[in-house]
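Take a look at the letters that make up each chain.
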Amino acid sequence: MDVDGIRKRLAVGYGLILTPKYAAVILTVLASAIRLLPMRFKYLLGYDPYFHLAYIRYALEKGEWVNFFPYATGPWGSQIHNSHPLGLWMTPAYVYKLLSVFGVSLYDAFRITPVIFGVLTVLFTYLAVLRLYGRREAFLSAFFLAVLFGHIFRSMAGYYRGDNYMLFWYSAALLGIALALTWKPRKRKYERLAFYLIPALASGFAAIFWQAYYPIFGFLLGSALLMAIGAFLLEKKEVFVDSFVLVLATLFGALLANSLGAWFGYGMAASTRGLGKALAEEFGLQFGFIKDAFLLIYLKYAVPVSVVFIAVLFVLSKALKEKKQRAVVVGIGAVIALWVGVRYYGTLNEILLRLFPAAPIVETQRASLNDLWEAYGPAIFIAPAFLLSFQSNKSRTGDFVLLGLSVVAVPMILLWTRFLFIGSLAIAVMAGIGVVRTYETMLPRVNDRRFGATALAVILLSVPLATGVHGVWTTKGIEPLANEAWDRALTYLGEHSNINDVVLTWWDQGHWVTYFSERAPVAQGGPSKWVAQYYLGIRKSADLMKLGVDYVIVSYDTIMKFGAVLETAGASPAEYTMLPMPLVSSAGGMLLFSAGPYSIMAVPKGDHWSVQVNAGGAILIPREVLVERGGSVENATFTGRPNADVYVYINLNYGYAVLMNGKAFETPLARLMFTDDHPNFTEVYSDGGYIKIFRFEHPNVRVTAENGSVVLRFTNATGTGLGIYGYLDNGTLVFKKWYGVKGKDKFTLPDDLNGSVVIRYIYVHKKTVLDRGVFRIDDVLHGTDEGR
């Protein structure tokens, strides 16, 4: 077959793929298949989804969207209206109600909800780019979005996060802009402007689903301003109208978001939250009708400045007739904007870190090259080719719309790893259009050569294919952090503890406690300096009573994160050494554990052990060796005279060892995890060295139902006073009273609590807090005191 014949066949096949109805099916199937890969797992991915599902499950059991959730942030409980808006919780619930008639469980409905909105984002992006450009750009842009791990990882089964909704609504808004720019008027010239209601509504509705929905306004405003610049450069005066109307659309969206907040809950910058108050103080704002600091800043500063900017460009377009003059003006403006961006980039990061203090977590770290590669794969290299669209006489308004998205999204990507998902749509469309622009630019140079055009097409199409392989491979490598061991341990805790008990564990596992145990952890969803300091012994056991802690969990997972414990506590790594080492060899009866320049050589010899530590070539004999096997920990008798402040724990059940210095060995984390010497604690659960749960023995309060009344029983009844605080579901304090309980072993909650549905209590001896906690009255009356 000749070359022309091959090209014709390829063109026919390529044309079929690019036909919108076939393209939509292909993209839907592809995007769904990749995002459904985690359905093969038993457990959800990450930590946060467990809290989301725990609350949804609780609300469905109650039959209403209760606000005061007692099984979180012990001992105070969590008020849901202070976190995400209700849409975050309602959406999976309604997906479940819709699919339950087909036998779909709440668990599976929850898992597939992010897939639904992730795939819709891909399809809306396809339709938007199709209107703005054509079939090739649309298919490739949507294909990249479908396979980029940067978008997959927050829109895949089992990983439920709110920013998935924000990007979904932005894709809908982008489609609205595309329709407005490309609609052919039938009766009136400006009837197409009605499509800007879509971004107006989309930006407002985004506020219902995620507390940090604000980037959608940045994306839309960026597009509006760049559209004005495009109108200025391309001499398309009618596009000034589009730019102005889009700004007004975001104004309407901001007002809509503010109004919806009264019904569904405000965002993270609400006037009642710490961030909102901090922003108001930073910018000298006063709350009134607008209840959100970001919206207030946006309406007070961003919208007026944008309107003035568009007006100035419009006036200049009348005065400057030469294209070169306009290009010079834009060039000067771009240089100034770039200088300002570079100059204040660090300042922005400082402000963010001041507003979001504390926390050595991955999401608030600068994105590294490895992060960019993992999120975007080969697409990151072709994305800059999008700028080829701005060659002389080839630019279109759509280029400026997407450039507006990019100039906001790309700096966000570089700022925090959290924004890799949010920026994925920008990278996808830049890469998709970039492939086509590269082909169009290079084609005249190779078209006269044999197979030149075909070879160029194959080379360029290898980029999306390689990106697809990278996305599938990376997604396939993701595994849940929760496992059977945590499931068993925390389920056991829920079944053998009181409904009002409070649990201390590392914050990573806090949401798991809420879900599996239905108990309130002290820390969850973010690092806790208090918990880290307790694990290090900076906080003492007596301090546990002030937080009402009844159980303390230690685990191998926390040992592996000892560096994060030190950083969170503000402790010096030079003072503490705790180094876990895996078993790498057991040849010849010698157990060899190794990590980096350190290794432990242990040889069991009857009732004795020979243990040596190799620390960078220096041979050390430990002061103490503890060995755990089966269900017991024993102090091993070992040969040799100790010559260093070194302690060794060997776990034969799981095949690991831990090397510690004396200060680390004396921490509560080490004493509970590695020894059987822990006064004031009773071990209630152990799986032999992976997870251990201890009951803190102290004057405790147990809440139970007796004869239709709520009774607080006192274990080791040494308290003298009991404070009862009653709350409505909306968090309003309606009852407060202290009772003398000296010499009493129980207290019956009075019937007249002024309508209280949630109770917080404090049990004290004079001024010393012995215990505290929280519970919903109907949970006690309609449940049991034996856990779930």
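Residues numbered from 1 in each chain as written. Predicted model: local features only at pLDDT ≥ 70, side-chain atom pairs only at ≥ 80, totals over all residues. Heavy atoms only, no water.

> Which residues make up the overall build of the chain, and what values do they have?
Each helix and strand in the chain was counted, giving 28 helices and 24 strands. Dimensions of the chain, computed from the C-alpha atoms along their principal axes, are close to 90 × 75 × 55 Å. Residue burial in the chain is summarised as follows: out of 788 residues, 56% are buried. For the chain, long-range pairs separated by at least 24 residues make up 67% of all intrachain contacts whose partners lie at least 6 apart in sequence. (Helix = DSSP H or I, 4+ residues; strand = E, 2+ residues; numbered from the N terminus. Buried < 20%, exposed > 50% of the residue type's maximum accessible area, 1.4 Å probe, protein only. Contact = heavy atoms within 4.5 Å.)

> Outline the packing of helix α9 (residues 197-205) against helix α10 (residues 215-234), supporting the account with residue identities and numerical values.
Close contact between α9 and α10 brings their axes to 9 Å; oriented N to C, the two are set at 155°. Looking at the two axes, α9 sits roughly antiparallel to α10. Between α9 and α10 lies a crossing of left-handed hand. Only I216, F217 and L220 of α10 make contact with α9, whose side of the interface consists of P199, A202 and S203. (Axes fitted to C-alpha atoms, helices over the stretch in contact; angles between N-to-C directions. Parallel < 35°, antiparallel > 145°, perpendicular 65-115°, else oblique. Left-handed = near helix turned anticlockwise from the far one by under 90°.)

> Mind laying out the pairing of strand β8 (residues 598-605), listing which residues take part and the relevant values?
On any regular strand, side chains alternate: one points to one face of the sheet, the next to the other face. Across five bridges, the pairing between strand β7 (residues 591-595) and β8 is antiparallel. Paired with S594 across the bridge in β8 is S599. Inspection of the sheet shows β8 paired to strand β9 (residues 608-615) by eight bridges, in the antiparallel sense. Within β9, the position partnered with M601 by the bridge is Q612. (Pairing = 2+ DSSP bridges.)

> Which residues make up the packing of aromatic side chains, and what are the values?
The full count for this structure, using the stated rule, is 57 aromatic pairs. Plain terms: the ring middles of Y213 and Y214 are 4.5 Å apart, the flat faces sit at 45° to each other, and that makes the pair tilted. Y214 matches Y213 in its accessibility class, with the two residues each being buried. Aromatic pair F217 and F294: ring centres 6.2 Å apart, planes at 50°, arrangement tilted. Here F217, found in helix α10, pairs with F294, found in helix α13 (residues 293-319); they are 77 residues apart in sequence, far enough to count as distant. Put simply, the rings of Y43, Y47, Y50, W486, W512, Y515, F516, Y654 and Y690 touch in pairs and so form one group of aromatic residues. The ring centre of Y515 lies 4.5 Å from the NZ or CZ of R57, which sits over that ring. Directly above the aromatic system of Y727 lies the positively charged group of R760, at a separation of 4.7 Å from the ring centroid. (Phe/Tyr/Trp six-rings, centres within 6.5 Å; stacked < 30°, edge-to-face > 60°. Lys NZ or Arg CZ within 6 Å of the ring centre and 35° of its normal.)

> Just give me the short version of the sheet that holds strand β19 (residues 709-715), but keep the residues and values in it.
Strand order in this open sheet of three strands is β18-β19-β22, and the pairing throughout is antiparallel. One side of each edge strand has no neighbouring strand; the edge strands of this open sheet are β18 (700-706) and β22 (746-748). Taking the axes of each pair of neighbouring strands and ignoring which way they run, one obtains an average angle of 25° across the sheet. Where β18 lies against β19, seven bridges are found, and the strand directions are antiparallel. Counterpart to A705 in the pairing with β19 is V710.

> Explain the nonpolar core residue by residue, including any values.
Core analysis: the largest hydrophobic core is formed by 243 residues, its most contacted members being M578, M660, L712, I724, L749 and F775. Counting residues per element, this core draws most heavily on helix α8 (residues 163-182), which supplies 14 residues. Excluding anything up to four places from it in sequence, M660 contacts T577, M578, D645, V646, Y647, Y649, F665, A670 and F674. By size, the runner-up hydrophobic cluster in this structure holds 20 residues, among which are L591, F593, V611 and L659. (Core = buried A, V, L, I, M, F, W, Y, C linked by side-chain atoms within 4.5 Å.)

> Give me the lowdown on a nonpolar patch on the surface, citing residues and values where you can.
Together, V328, I332, I336, W339 and V340 give the surface a local cluster of nonpolar side chains, amounting to about 500 Å² of exposed area. Here I336 shows up in helix α14 (residues 323-355). (Patch = residues over 30% accessible without salt bridge, like charges linked within 9 Å, V, L, I, M, F, W, Y side chains within 5 Å. Areas by Shrake-Rupley, 256 points an atom, 1.4 Å probe, with all protein chains shown as cover. Salt bridge = Lys/Arg side-chain N within 4 Å of Asp/Glu carboxyl O.)

> Mind laying out the sheet that holds strand β23 (residues 758-765), listing which residues take part and the relevant values?
Pairing is antiparallel across the open sheet formed by four strands, whose spatial order is β21-β20-β23-β24. Of all the strands in the sheet, the pair left with one neighbour each is β21 (733-740) and β24 (768-776). Across the sheet, the mean angle from the axis of one strand to that of its neighbour is 15°, orientation sign disregarded.

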